[in-house]
Amino acid sequence: MNLLLVRLVFILGSMFIGFQALAANGSGLTGMFIGLFVALVLIILEAGLRKVSVKGLSSAVFGLILGLIMAKLVGDAFSLLAIDPASLSRIRVGLTLAFCYLGMVIALRGKDEFNIIIPYVRLRRQDQAGDVVLLDTSVIIDGRIVDICKTRFLGGKVIIPKFVLRELQQIADSTDPIKRQRGRRGLEILNTIQKEPGMDISIHEQDFSETTEVDAKLVMLAKLLDAKILTVDFNLNRVASIQGIKVLNINELANALKPVVFPGEQMHIKLIKEGKEHNQAIGYLDDGTMVVVEDARRLIGQDVQVAVTSVLQTQAGRMIFTKLEK
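Residues numbered from 1 in each chain as written. Predicted model: local features only at pLDDT ≥ 70, side-chain atom pairs only at ≥ 80, totals over all residues. Heavy atoms only, no water.

**Describing the sheet that holds strand S3 (residues 200-204)**
As a general point, the strands of a sheet are linked pairwise by backbone hydrogen bonds and lie either parallel or antiparallel.
Phase 1 of the analysis: Read from one edge of the open sheet, 5 strands run S3-S2-S1-S4-S5, paired in parallel fashion. Two strands close off the open sheet at either side, each with one partner strand: S3 and strand S5 (247-249). Across the sheet, the axes of successive neighbouring strands diverge by a mean angle of 30 degrees, strand direction being ignored.
Phase 2 of the analysis: Note that strand S2 (residues 157-161) and S3 share 5 bridges and pair parallel. Residue pairing across strands places Ile 160 opposite Ile 203, the latter belonging to S3.
Phase 3 of the analysis: On the sheet, helix H7 (residues 162-172) packs against strand S1 (132-135), S2 and S3 and is oriented at approximately 55 degrees with respect to S2. (Pairing = 2+ DSSP bridges. Helix = DSSP H or I, 4+ residues; strand = E, 2+ residues; numbered from the N terminus. Axes fitted to C-alpha atoms, helices over the stretch in contact; angles between N-to-C directions. Contact = heavy atoms within 4.5 Å.)

As structure tokens, then:
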């Protein structure tokens, strides 16, 4: 049942109630128009509240209930004093207004800390997988997410936040041709993974108006949903890890899957270009790993046999240092 059908049923129901209310007085048609008018006014108000999140509304309701309870308790305390009923009634009204306001304001300011709000209590079977993975903009544009989805290596529910989709669309509409190409590539990749059979992929509508940074919104949404973040952004990886968010970094996965080589192992490599140090030459393995060959500058462009001397693991990847095999 979509939103348009719900509104149509609501309008018809309001018209029917208006007709029934004034039918006894012979003004059933007038009652129908009154019901129609009231329904349209409520629908307009509902459309104006579109930016109000369910989380914010539930926090406000929680604060309102807490304020009513506090006002009742304090009002009962005042009733023990020798106060005339008229003054006591005014005091109760004032306390109710003050505590309800304070409760709603405090709840809205600390809405991210409420874990007992009913709409966010997730009930599921004990044997049901509850992993939720959020995709950020960088991992969508990177493209390797398609192959990961095809291998079924990524389990659980995959969520694409609405603000990530909005950022991707802004990049695709950029005047910079490179950014525009990257954005369009990201939209094509999204379309591809959504068509992948067996993948549970959805768009999440939650937004956080208190910040404009997409990375900060991702961290906040990950905390809210108890989700992991899939990314290739090194800075987002660091920030999310500091705040206790589990991060799946494709670059780290790719480095971990590169073949292990040991000192003394031999390999064939094609030398591509000069190295930074004197008389060095550089080649690459099929997975992109850089191989540095000592005393081989004169052999650039040739296939040579080398022996591994050492392996250096850096944040950017793995480097293999070798020497020519005589």
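**Examining the nonpolar core**
Phase 1 of the analysis: Counting 40 residues, the largest nonpolar core has Leu 134, Leu 135, Ile 140, Ile 145, Ile 193 and Leu 230 as the members making the most contacts within it.
Phase 2 of the analysis: Here the element with the most residues in this core is helix H9 (residues 214-225); it accounts for 7 residues.
Phase 3 of the analysis: Excluding its chain neighbours within four sequence positions, the residues that come into contact with Leu 230 are Val 133, Leu 134, Leu 135, Asp 136, Val 139, Ile 145, Leu 154, Leu 248 and Ile 250.
Phase 4 of the analysis: By size, the runner-up hydrophobic cluster in this structure holds 13 residues, among which are Val 261, Ala 296, Leu 299 and Val 308. (Core = buried A, V, L, I, M, F, W, Y, C linked by side-chain atoms within 4.5 Å. Buried < 20%, exposed > 50% of the residue type's maximum accessible area, 1.4 Å probe, protein only.)

**A few points about the confidence of the model for the protein chain**
Phase 1 of the analysis: For the protein chain, per-residue confidence averages 82 on the pLDDT scale, and residues scoring 70 or more make up 89% of the total.
Phase 2 of the analysis: Counted against residues more than four places away or in other chains, residues 115-129, with its pLDDT under 50, gives 14 contacts. (pLDDT = per-residue confidence, 0-100.)

**Things to note about helix H1 (residues 3-22)**
Phase 1 of the analysis: In a regular helix each residue adds 1.5 Å, so 20 residues correspond to 28 Å; H1 covers 29 Å between its end C-alpha atoms and thus fits that length.
Phase 2 of the analysis: Buried residues of H1: Ile 11, Ser 14, Met 15 and Gly 18, and no others. Summarising the axial view, the buried residues of H1 lie within an arc of 95 degrees, below the 170-degree limit, and thus occupy one face. Facing away from the buried side of H1, by more than 90 degrees, are the exposed residues Leu 12, Phe 16 and Ile 17. (Expected span 1.5 Å × (residues − 1). Arc of directions from axis to C-beta.)

**Describing the packing of H7 against helix H8 (residues 177-194)**
Phase 1 of the analysis: One can describe the packing of H7 onto H8 by two numbers: an axis separation of 6 Å at closest approach and a directional angle of 135 degrees. The pairing of H7 with H8 is recorded here as oblique in orientation. Considering only the axes of H7 and H8, their crossing is left-handed. Of the residues in H8, those touching H7 at Leu 165, Leu 168, Ile 171 and Ala 172 are Lys 179, Arg 180, Gly 183, Arg 184, Gly 186, Leu 187 and Leu 190.
Phase 2 of the analysis: Along the lines of polarity and charge, the residues of the contact of H7 with H8 split into 6 nonpolar, 2 polar and 3 charged. (Parallel < 35°, antiparallel > 145°, perpendicular 65-115°, else oblique. Left-handed = near helix turned anticlockwise from the far one by under 90°. Nonpolar A, V, L, I, M, F, W, Y, C, P; charged D, E, K, R; others polar.)

**Digging into H7**
Phase 1 of the analysis: Within the span of H7, buried status applies to Phe 163, Val 164, Leu 168 and Ala 172.
Phase 2 of the analysis: Where H7 is buried, its residues contact S1, helix H5 (137-142), S2, H8 and H9.

**Some words on the pairing of strand S6 (residues 266-274)**
Phase 1 of the analysis: By the bridge criterion, 3 bridges tie S6 to strand S7 (residues 281-284) in an arrangement that is antiparallel. The residue bridging Leu 271 from the neighbouring strand is Gly 283, located in S7.
Phase 2 of the analysis: With antiparallel pairing between neighbouring strands as the criterion, S6 and S7 make up a hairpin whose turn holds 6 residues, including Asn 279 at a positive phi of roughly 65 degrees.

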